[in-house]
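# Structural characterization, general
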Amino acid sequence: GTTHLRQPHVAAVAKKLGIDCVPALVGFDIRDGRSVPRFDGVVVCEDVAPLLVEAAASMQEQSEDKQVRKRQREVLANWRGLLRVLAIRARLDADYGAC
């Protein structure tokens, strides 16, 4: 049999692992007077579904960790910039006096 999986990253994990999957057509939307198919998740064989769910959860955790590390780098870069500006301002005040 088959099962419908809606978790994020399942399609990417299936492609990465070489597991056959197809986009799940769940209905149609009307846009600009035309029917447009609406896809939500993928359909896979029942025997590989638990493996895909676990791998997708792992990929989601990795993605979240990557976003946290990126945000930390951005915050540190902002602090470095602020400290650099303050050091320059202090040096200018020392050299030329405060206005």
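Going by the structure above, here's the rest.
Described in the following lines is the structure provided in the data block. All figures in this text were calculated on a predicted structure; none of them were measured in a lab.

Before going further, it helps to examine unusual backbone geometry. The backbone of His 9 shows a phi angle near 75°, a positive value even though the residue is not glycine. Among the structural elements, His 9 can be located in the loop between strand 1 (2-5) and helix 1 (10-17). Even without a glycine there, the phi angle at Asp 32 is positive, about 55°. Residue classification places Asp 32 among the exposed residues on the basis of a relative accessible area of 81%.

Let's shift gears to a positive patch on the surface. Among the surface-exposed residues, Lys 66, Arg 69, Lys 70 and Arg 73 lie close enough to one another that they form a single positively charged patch. Among the secondary structure elements, Arg 69 is positioned in helix 2 (residues 49-96).

Those residues of helix 1 not exposed but buried are Val 10, Val 13 and Ala 14. Looking straight down helix 1, one finds its buried side chains confined to an arc of 100°; they lie on one side. In helix 1, the exposed residues that point more than 90 degrees away from the buried face are Lys 15 and Lys 16. Downstream of helix 1 by one or two residues, Gly 18 has phi in the positive range, about 75°.

Contact geometry of helix 1 with helix 2 gives a least axis separation of 9 Å together with a crossing angle of 110°. With respect to helix 2, the axis of helix 1 lies roughly perpendicular. Where helix 1 approaches helix 2, its residues Val 10, Ala 12, Val 13, Ala 14, Lys 16 and Leu 17 are matched on the opposing element by Leu 51, Leu 52, Ala 55, Ala 56 and Met 59. Taken together, the residues of the contact of helix 1 with helix 2 break down into 10 nonpolar, no polar and one charged.

Cut-offs used in this document
- Within any chain, residue numbers begin from 1 and follow the written order of that chain's sequence.
- It should be noted that, the model being predicted, local features are given only for residues of pLDDT at least 70 and side-chain atom pairs only at 80 or more, the latter also being counted only at that level, while totals for whole chains, interfaces and linings use all residues.
- With hydrogens and water excluded, all non-hydrogen atoms of the structure serve as input to the side-chain values.
- A run of H or I in DSSP becomes a helix once it reaches four residues, and a run of E becomes a strand once it reaches two; helices and strands are each numbered from the N terminus.
- Relative accessible area decides the class of each residue, using a 1.4 Å probe on protein chains only: under 20% of the type maximum gives buried, over 50% gives exposed, and in between gives partly exposed.
- Here a patch means residues that are over 30% exposed by relative accessible area and free of salt bridges, tied together within 9 Å if like-charged and within 5 Å if nonpolar (Val, Leu, Ile, Met, Phe, Trp, Tyr).
- Throughout, the Shrake-Rupley method with a 1.4 Å probe supplies accessible areas, and for residues the shown protein chains are the sole cover considered.
- Note on definitions: salt bridges are taken to be side-chain nitrogens of Lys or Arg within 4 Å of carboxyl oxygens of Asp or Glu.
- We count Lys and Arg on the positive side and Asp and Glu on the negative side, and we leave His and both chain ends out.
- To locate a charge, the coordinates of NZ of Lys, CZ of Arg, CG of Asp or CD of Glu are taken.
- In this context, the arc is that of the directions from the helix axis out to the C-beta atoms.
- Interaxial angle, 0 to 180 degrees, is taken between N-to-C directions of lines fitted to C-alpha atoms, where a helix line uses only the stretch in contact.
- Any angle from 65 to 115 degrees is called roughly perpendicular, while one under 35 is roughly parallel, one over 145 is roughly antiparallel, and all others are oblique.
- Here, two residues are considered to be in contact whenever any of their heavy atoms come within 4.5 Å of each other.
- The residue classification treats Ala, Val, Leu, Ile, Met, Phe, Trp, Tyr, Cys and Pro as nonpolar and Asp, Glu, Lys and Arg as charged. All others, Gly included, are polar.

The analysis is restricted to geometry; functional conclusions fall outside its scope.
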